[in-house]
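Here's the letter readout for the chains.
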Amino acid sequence: MKKRFALILCFTLAFLMLAPASQATAYNKVDVYINGTKLQTNDSPRIINNTTYVPLRAICELFGADSISWDQKTKTATIYARGISIYITEGNTYIVSNGRYFASNEPVRNINDRLYLPVRLIASAFASSAEWSPDYTVRISDSGQVPVSGDEYYNQTDVYWLSRIINSESGAEPFKGKIAVGNVVLNRVNSSLFPNTVYEVIFDKKYGTQFSPTVIGTIYKEPNNDSVIAAKICLEGYSLNNKILYFMNPDIATNNWISQNRPYAFRIGNHTFYY
């Protein structure tokens, strides 16, 4: 009798332990539609870190892509569609479409040997919009267009100076740290407390030198590729925080005015950021 009771108890506990996991899986399911047509695939869309992910090949085929190729060496998928090329690299938090750089808080992921990416990234790549519904449904409105090319979209003067200040201030910092430095510059452009252009913000000396690379000359060095990409991502409007206005390296700073007078926001790499 005791053995039988113990066996029943074990089965009961196993069921209780499995039930929440099954419920979590059910809540993880997401339906995705493009212009009313449902994405049908065995590689189901899913939610990861509050971000809706979709399988790359299936969603691109539903968008009507002409071809999809994979480079194992660079871990990059190349999609040719509507006369443009789209590049999606495993692990990156951004994708490239028609020379434009679209970013997300979450990276492109390999899940069971399938490439998944945030749905809003692939929607942007096809100049489309994605709308989330509380019933775990994403509806994409696709007009059949492509994003304006990077050559047309980006102000080259802004790219030139923003990439250089990012490189000279955070060339060796994590990629997210580069984005944050670019955010500081553009937040200042948008603030009534600072000048109105990227160039003027960088070379602003109203209250003293704002960025030391403008004095020591490193602002004029050719930026690395990541700094140029970070600048373009910032110019797309992507922001880690649209209120940060200052940053410093507390380990080497010779002036602590920022840390003593401005509210702390966060730290990335060697830099601390402030409002």
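Everything quoted here is computed from the prediction, not taken from an experiment.

(A) Expanded view of the packing of aromatic side chains. Taken as a whole and assessed by the stated rule, the structure comprises 16 aromatic pairs. When the ring of Trp161 is compared with that of Tyr220, the centres are 6.2 Å apart and the planes differ by 80 degrees; the resulting orientation is edge-to-face. Here Tyr220 lies in the loop between α8 (213-216) and α9 (225-235) and Trp161 lies in helix α5 (residues 156-170), a separation of 59 residues in the sequence. Of the residues examined, Trp161 reaches a relative accessible area of 14% and is grouped as buried. Each member of the aromatic cluster is reached from another via a ring pair, and the members are Tyr160, Trp161, Tyr199, Phe203 and Tyr220.

(B) Representation of the environment of Asp251 within the structure. With respect to the secondary-structure elements, Asp251 resides in the loop between β14 (246-248) and α10 (257-261). Between the C-alpha atoms of Asp251 and Tyr136, which are 115 residues apart in sequence, the distance is 46 Å. Among the polar contacts made by the side chain of Asp251, one reaches the side chain of Arg267 at a distance of 3.5 Å.

(C) Layout of the pattern of salt bridges. A full pass over the atoms with the stated rule returns eight salt bridges. Across the pair Asp31 and Lys38 runs a salt bridge, and its minimum N-O distance is 3.4 Å. Close ionic contact of Arg57 with Glu61 constitutes a salt bridge, the shortest N to O distance being 4.0 Å. Taken together, the residues span about one helical turn, with Arg57 and Glu61 both in helix α2 (residues 56-62) at a distance of four residues. Arg57 sits in the partly exposed class, given a relative accessible area of 47%.

Quick notes on the rules
Residues numbered from 1 in each chain as written. Predicted model: local features only at pLDDT ≥ 70, side-chain atom pairs only at ≥ 80, totals over all residues. Heavy atoms only, no water. Phe/Tyr/Trp six-rings, centres within 6.5 Å; stacked < 30°, edge-to-face > 60°. Helix = DSSP H or I, 4+ residues; strand = E, 2+ residues; numbered from the N terminus. Buried < 20%, exposed > 50% of the residue type's maximum accessible area, 1.4 Å probe, protein only. Polar contact = N/O pair within 3.5 Å; in protein donor to acceptor, adjacent residues only side chain to side chain. Salt bridge = Lys/Arg side-chain N within 4 Å of Asp/Glu carboxyl O.

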